[in-house]
Amino acid sequence: MHEITAIRYGSVSSTKSDLFLRYGTYREPDAPQEMSFYFYVLRRDGEVTLIDTGFLPSDAPPRGRECLIAPDAALAALRIEPDAVARVIVTHCHWDHIGNLDLFGRAEIHVPQRELDFWFSPVAHNPQFWSHTEAHAIGQLEAARAEGRVTATGADEEVAPGVRVITVGGHSPGQQIVIVDDRVILASDAVHLYEELELERPFAVISDLGEMIEAYALIKELGTAPGAVVVPGHDPLVAERFPREDFAVRIA
Ligand SMILES: [Zn+2]
């Protein structure tokens, strides 16, 4: 069994009308909505796997996001050396998930095939997509790929014992979720907020609406298994519902 720690390293104050797709659909008053930024550390038998790598702190202010702790500083506080990270599982290639990739020069980087196909295609450069990533981060992914350290992940596969990834699409063309030890469903941005899943209200940043809604159904079904836990990718409530020490939230 893995020890799973969510690192809460950033936050932003927003509104429901900004975050949910066509919020007017629901004919409800607007309301504030906080978002937290997480990445995850899996540890088992001394082996470290990261799920995403957070954003580069200097990318946060222009986007109005607050960096609560630099991802590299958070790892240092947990006594994790970047070179000791065996693998990085990239859930999708948005700026807040693939910043800092260059820190992990020894890691095997697992990226959904559909994300690789998309982000290295011309259409990704349309601002509707490109504004959600950073050229330097995509460049670092490209460099890792040239070094032979990038492995494409398929529709549904086990990338390491007890670590299963499923590509669901929707939010980003190749968005994937990660299921750890058949029990903990790290939804990443397939589900940003608990409310998004409970009410099946699509998020505003979207690549395929039908796939996003299908992903909700899949994640809900996975969540009904005995002992299953669904962890949304950006909900501040994650840091309240699980035991927390400062920035480190103990998921399992
Ligand atoms: Zn995203």
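About the thresholds
- Residues numbered from 1 in each chain as written.
- Predicted model: local features only at pLDDT ≥ 70, side-chain atom pairs only at ≥ 80, totals over all residues.
- Heavy atoms only, no water.
- Helix = DSSP H or I, 4+ residues; strand = E, 2+ residues; numbered from the N terminus.
- Rg over C-alpha atoms; globule rule 2.2 N^0.38 Å.
- Buried < 20%, exposed > 50% of the residue type's maximum accessible area, 1.4 Å probe, protein only.
- Donors = N, O, S within 2.8 Å, 3.2 Å for Na, K, Ca; no water.
- Lys, Arg positive; Asp, Glu negative; His and termini not counted.
- Salt bridge = Lys/Arg side-chain N within 4 Å of Asp/Glu carboxyl O.
- Polar contact = N/O pair within 3.5 Å; in protein donor to acceptor, adjacent residues only side chain to side chain.
- Contact = heavy atoms within 4.5 Å.
- Pairing = 2+ DSSP bridges.
- Axes fitted to C-alpha atoms, helices over the stretch in contact; angles between N-to-C directions.
- Core = buried A, V, L, I, M, F, W, Y, C linked by side-chain atoms within 4.5 Å.

Asks: Summarise the overall build of the chain; cite the residues concerned and give the values.
Replies: Per the secondary structure count, the chain includes nine helices and 14 strands. The C-alpha radius of gyration computed for the chain amounts to 17 Å, which stays within 12% of the reference 18 Å derived for 252 residues, consistent with globular compactness. Overall size of the chain, expressed as C-alpha extent along the three principal axes, is 50 × 45 × 35 Å. Buried residues in the chain amount to 54% of all 252 residues.

Asks: Account for the coordination of the zinc ion, with residues named and values stated.
Replies: Protein-derived coordination of the zinc ion comes from H92 (NE2), H94 (ND1), H171 (NE2) and D189 (OD), at a distance range of 2.1 to 2.3 Å. Mapped onto the polypeptide sequence, the residues donating to the zinc ion form the spacing pattern H-x1-H-x76-H-x17-D. Placement of the pair is H94 in the loop between β5 (85-89) and α3 (95-98) and H171 in the loop between β9 (163-167) and β10 (176-180), with a sequence separation of 77 residues.

Asks: Describe in detail the side chain of D235, supporting the description with residues and values.
Replies: Tracing the sequence through the fold places D235 in the loop between β12 (229-232) and α9 (238-241). Of the buried charged residues, D235 lacks a salt bridge, with R241 as the closest side chain of opposite charge at 6.3 Å. One polar contact links the side chain of D235 to the main-chain amide nitrogen of L237, over a distance of 2.9 Å. Beyond its immediate stretch of four places on either side in the chain, D235 contacts S36, Y38, H192, L193, Y194 and E195.

Asks: Before we move on, could you go through the sheet that holds strand β11 (residues 184-188) and cite the residues and values that matter?
Replies: Across the sheet, five strands lie side by side as β8-β9-β10-β11-β12; this open sheet has mixed pairing. Both outer strands of the open sheet, β8 (156-160) and β12, are each paired with one neighbouring strand and no more. Each strand axis lies, on average, 25° off the axis of its neighbour in the sheet, ignoring direction. Of the strand pairs in this sheet, β11 and β12 are connected by four bridges, and their pairing is parallel.

Asks: Tell me about the nonpolar core, residues and numbers included.
Replies: One finds V41, V88, I109 and I219 to be the most contacted residues of the largest nonpolar core, which totals 60 residues. A total of five residues in this core trace back to one element, the largest contributor, which is helix α8 (residues 209-222). Other than its neighbours up to four places away in sequence, V88 contacts L50, T53, L101, F104, A107, E108, I109 and H110. Y38, V180, V184 and A239 belong to the second-largest nonpolar core, a separate cluster that totals 22 residues.

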